[in-house]
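Chain residues, written in single-letter form:
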Amino acid sequence: MMNISTMMMLAETPGKKLQETLGGEIGSIFFLAVIFISLTLFWKRAFTAFIGFALFAMLVSVFIFQPELVSSLGSDGFRWLFEAVLE
């Protein structure tokens, strides 16, 4: 029989449910804002600002919406750089 602390750890928290529910909606709104700002900068022919904003938006989207990708890239990069030392 499971004790209460184990059951609490296995249960989904309200924050996790809220993140799953609103995560897609916030991602869509972020994507629309990025498209609008990018098109505005491109239309004004501010190409340097457009490229800078596009790179910034890509970094922010990866760090906020897929942090596990950043973590896996970091560990894979570390293993690749130091594979001779680790063996």
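Criteria and thresholds
- Residues numbered from 1 in each chain as written.
- Predicted model: local features only at pLDDT ≥ 70, side-chain atom pairs only at ≥ 80, totals over all residues.
- Heavy atoms only, no water.
- Helix = DSSP H or I, 4+ residues; strand = E, 2+ residues; numbered from the N terminus.
- Buried < 20%, exposed > 50% of the residue type's maximum accessible area, 1.4 Å probe, protein only.

Visitor: Sorry, what's going on with unusual backbone geometry here?
Guide: The phi torsion of most residues other than glycine is negative, and most of the peptide bonds are trans. Unusually for a residue other than glycine, Arg45 sits at a positive phi of about 60°. The topology assignment puts Arg45 in the loop between helix H2 (14–43) and helix H3 (47–65). Judged by relative accessible area, which is 67%, Arg45 ranks as exposed.

Visitor: Explanation requested: the side chain of Ser38 in the structure shown.
Guide: Positionally, Ser38 belongs in helix H2. The exposure class of Ser38 is buried, given its relative accessible area of 12%.

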